[in-house]
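Residues per chain, in single letters:
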Amino acid sequence: MFKKDILTPTSLPQRHTASLALGDYLLRSGMIFERKRITMGSTDGGVNTSPLCDSGVLSPSQTGYANKEFLMMPPEGKLKHFDSRAQAHEDNQEFDACIQDLVRCVALTRLMHGEGHLKLAQAHVRLAKAYFQLKGWGLQAKEHAALAREQLPFCSSVSCREKKLEILMCLLSIHLTQGAASLTTANLEDAESSFLEAQQVVEELHQRGGISQEEKINTEVEISTGLSRVYRRQNRPEDALSRCEKSLQLLTDCDQLEKTCSVYRDMAAIEQDRGHLHRAIEHLTKAHAIAVSHSPEELEGARSPTAWPSSFLLQQSTITMGLKLVGLGDMVDVYIQELPVSYVKTQRIIAGVWKTLQPKFAVHLGVARGSSVVVLEQTGKNSGYRDRDVCGFCPESHRCVEGGPEKLDSVINMRVVSKEFRQAGKDVVYSRDAGRYLCEFAYYCSLYHGERRAALVHVPSCGGLSSADRLVPLLQSLIQTMLEQLEGPCVSLQQTSAAGCQLLSCTEELWVEPS
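Residues numbered from 1 in each chain as written. Predicted model: local features only at pLDDT ≥ 70, side-chain atom pairs only at ≥ 80, totals over all residues. Heavy atoms only, no water.

## Observations regarding the overall build of the protein
The number of helices and strands found in the protein is 18 helices and 9 strands. Split into buried and exposed, the 515 residues of the protein put 48% on the buried side. Looking at the protein alone, contacts between residues at least 24 apart form 70% of all its contacts between residues at least 6 apart. Carbon and sulfur atoms form 51% of the exposed surface of the protein, whose accessible area is close to 25000 Å². (Helix = DSSP H or I, 4+ residues; strand = E, 2+ residues; numbered from the N terminus. Buried < 20%, exposed > 50% of the residue type's maximum accessible area, 1.4 Å probe, protein only. Contact = heavy atoms within 4.5 Å. Areas by Shrake-Rupley, 256 points an atom, 1.4 Å probe, with all protein chains shown as cover.)

Okay, here's the thing in structure tokens:
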């Protein structure tokens, strides 16, 4: 090629120069996303080195929209196209594709409006929120929130009321995103500063009539929740609790009591850090009571074997957290891990924990719907599992473990344990039929992998024992009795430095082993 045939950006027509600028910016905008993608790797454990954001720029024919009509479409039309497609991807939980299109929206907005424009700030902050809310990537979110903030000084001289409100709304989103992202990246000073600045913007927006009273309250709750978590990590428990109390007051004033559950759980965690175990359990009990009172329709639907209402899930969360708080003795450590209502995931998680954690004992916790007593299950059966899980799946063979024994009994004599507690006036009974659903499925898997060193305890869903303040101490005593029986009559729990115990439930796991 002769020198006169070489095209440079300065020798290209303006339209082509704009296209090169767009392609260059798409590549540069996508670098943050691509670097994170390569670092994280693909879902199968390999490293994904294929570009995500280049596909629509370098090789349009590979993306499905390289047609003449689209290529001739003005930037406004392309922006509208990618904007609506990003929303569709988000609605379908196609988060990577959503972010790719939002990157394109940023590039097109910059091409149309240039630097220092409110529209560009809004595009950056939307991308920042997507990175954080859809992918949980705090660094990328902070980067684009900062880019959005850089555009706003150029917009600050706007006198139009509507534009001023738009700027304030954009600024609020920037501060909220920066605060939450900084919290996840452990930049606590930046997180506190961002949340406090967001509070000032909320006040100004409300004074100017930019947001309603309900929107103001909801945003203030979000800010107070963020600040309480910042203060907790800064070891400022009094400030953290004060922010929680403010959130409770705001939610009570606007009659949104069902949203106070998460606040009470935060307060329980703060009190746990301070060593105030009974206060922590009290907060968890309040959270459970609120969930039950605000979801009666879920309790009605609990009769289905595949239904797991939030009130039951929260009850088990309260119980397992309560056991962690009160502990099982100085020589025992407690671990909690979520165990989903899924045959496949349950099987994989239990096998993995027995292989890696290697506890000496496991106690599974499940809810006995309609029961008012604690039930100690002796046996786990391998076959007969015909009810579908929450994913609509049922094992094709209806078995827990192919080739496993038809039934396995726990090494613990549950009849002896239940008799001891009944004689003490406790509502504890013995059973050999655990129901053949996820609780028994998980129990059998644990008996199989743990060489029968496991137990299943069905806790009541109604009656006096269903409250955490009564149930947690009883479970604590039951588990300690099982551990003593496991080690033999001549060895006390405090002497079993080599013993271990693992507690699970159909929605959560509580692992314990000696320290």
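## Here we look at the environment of Ser467
As for its position among the elements, Ser467 is in the loop between β7 (454–460) and α18 (468–487). Owing to a relative accessible area of 23%, Ser467 belongs among the partly exposed residues under this scheme. A C-alpha to C-alpha distance of 8.6 Å links Ser467 and Ala289, two positions 178 residues apart in sequence.

## Quick word on the packing of helix α10 (residues 237–253) against helix α11 (residues 260–274)
The N-to-C vectors of α10 and α11 enclose an angle of 165 degrees; their axes lie 10 Å apart at closest approach. Compared by their axis directions, α10 and α11 come out roughly antiparallel. The hand of the α10/α11 crossing is left-handed. Between α10 and α11, the contacting residues are Pro237, Glu238, Ala240, Leu241, Cys244, Glu245, Ser247, Leu248 and Leu251 on the first element and Thr260, Val263, Tyr264, Asp266, Met267, Ile270, Glu271 and Arg274 on the second. Of the residues assigned to the contact of α10 with α11, the class counts are 10 nonpolar, 2 polar and 5 charged. (Axes fitted to C-alpha atoms, helices over the stretch in contact; angles between N-to-C directions. Parallel < 35°, antiparallel > 145°, perpendicular 65-115°, else oblique. Left-handed = near helix turned anticlockwise from the far one by under 90°. Nonpolar A, V, L, I, M, F, W, Y, C, P; charged D, E, K, R; others polar.)

## Regarding the side chain of Arg104
With respect to the element layout, Arg104 can be found in helix α4 (residues 95–113). Within the local environment of Arg104, its side chain forms a polar contact with the side chain of Asp101, the two groups lying 2.8 Å apart. (Polar contact = N/O pair within 3.5 Å; in protein donor to acceptor, adjacent residues only side chain to side chain.)

## Section: the packing of aromatic side chains
The full count for this structure, using the stated rule, is 6 aromatic pairs. Here Tyr343 and Phe393 contribute two aromatic rings whose centre-to-centre distance is 6.5 Å and whose plane-to-plane angle is 65 degrees, an arrangement assigned as edge-to-face. Highlighted residues: Tyr343 in helix α15 (residues 343–356) and Phe393 in the loop between β4 (379–381) and β5 (407–409), separated in sequence by 50 residues. Exposure remark for Tyr343: the relative accessible area of 1% places this residue in the buried category. (Phe/Tyr/Trp six-rings, centres within 6.5 Å; stacked < 30°, edge-to-face > 60°.)

## Regarding the nonpolar core
The biggest cluster of nonpolar side chains holds 50 residues, and the ones touching the most others in it are Val363, Val374, Leu376, Val457, Leu475, Leu478 and Met482. Listing elements by their share of this core, those giving two or more residues are α15, β2 (362–368), β3 (374–377), α16 (414–423), α17 (438–449), β7 and α18. Looking at this core element by element, the count peaks at 9 residues for α18. Membership of the second largest hydrophobic core comes to 43 residues, among which are Cys170, Leu171, Val230 and Ala240. (Core = buried A, V, L, I, M, F, W, Y, C linked by side-chain atoms within 4.5 Å.)

## Focus on helix α3 (residues 75–91)
At 3.6 residues per turn, the α-helix brings residues three or four places apart onto the same side. Here α3 is 17 residues long and its end C-alpha atoms lie 24 Å apart, about the 24 Å a rise of 1.5 Å per residue gives. Within α3, the full set of buried residues consists of Lys78, Leu79, Phe82, Ala86 and His89. Taken around the axis of α3, the buried residues stretch over an arc of 100 degrees, which confines them to a single face. In this structure, α3 carries Lys80 and Asp91 as exposed residues pointing more than 90 degrees from its buried face. Residues of α3 that are buried in the fold lie against α2 (68–71), α4 and α5 (118–135). Following α3 by one or two positions, Gln93 has its phi on the positive side, about 60 degrees. (Expected span 1.5 Å × (residues − 1). Arc of directions from axis to C-beta.)

## Digging into the pairing of β7
Along β7, 7 of the 7 residues are buried, which leaves the element largely enclosed by surrounding structure. As judged from the 7 bridges shared by β2 and β7, these two strands associate in the parallel manner. Counterpart to Gly366 in the pairing with β7 is His458. Taken together, the 3 bridges between β3 and β7 define a ladder with antiparallel strand orientation. (Pairing = 2+ DSSP bridges.)

## Regarding helix α8 (residues 188–207)
The terminal C-alpha atoms of α8, which comprises 20 residues, lie 29 Å apart, in line with the 28 Å expected from a rise of 1.5 Å per residue. Where α8 is concerned, the buried positions are Leu188, Ala191, Glu192, Ser194, Phe195, Ala198, Gln199, Val201, Val202 and Leu205. Buried residues along α8 sit in contact with α7 (161–184), α9 (213–233) and α10. Looking one or two places after α8, you find Gly209, whose phi comes out positive at around 75 degrees.

## A short note on the packing of helix α6 (residues 138–151) against α7
Running from N to C, α6 and α7 cross one another at 150 degrees; their axes reach a closest spacing of 9 Å. In terms of orientation, α6 lies roughly antiparallel with respect to α7. Between α6 and α7 lies a crossing whose hand is left-handed. Listed contacts from α7 to Gly138, Ala141, Lys142, Ala145, Ala146, Ala148 and Arg149 of α6 are Leu171, Ile174, His175, Thr177, Gln178, Ala181, Ser182 and Thr184. Taken together, the residues of the contact of α6 with α7 sort by class into 7 nonpolar, 6 polar and 2 charged.

## Section: the confidence of the model for the protein
This prediction gives the protein a mean pLDDT of 77; 71% of its residues lie at or above 70. Every residue in residues 296–314 is under pLDDT 50, and counting partners more than four places away or in other chains gives 41 contacts. Within the model, pLDDT remains below 50 along residues 505–515, and this stretch shows 84 contacts once partners closer than five positions in the same chain are excluded. (pLDDT = per-residue confidence, 0-100.)

## Overview of the pattern of salt bridges
Summed over all chains, the structure comprises 18 salt bridges. Linking Asp83 and Arg126 is a salt bridge whose minimum nitrogen-to-oxygen distance equals 2.2 Å. Of the two residues, Asp83 is situated in helix α3 and Arg126 in helix α5; the sequence distance between them amounts to 43 residues. Classification of Asp83 as partly exposed rests on a relative accessible area of 34%. You can call Arg126 partly exposed: its relative accessible area is 27%. For the salt bridge of Asp409 with Arg432, the shortest nitrogen-to-oxygen distance reads 3.3 Å. Here the residue Asp409 occupies a position in strand β5, and Arg432 occupies one in the loop between β6 (428–431) and α17, the gap between them amounting to 23 residues. You can call Arg432 partly exposed: its relative accessible area is 40%. When salt bridges with common partners are traced through the structure, they connect Arg85, Asp101 and Arg104 into a single cluster. (Salt bridge = Lys/Arg side-chain N within 4 Å of Asp/Glu carboxyl O.)

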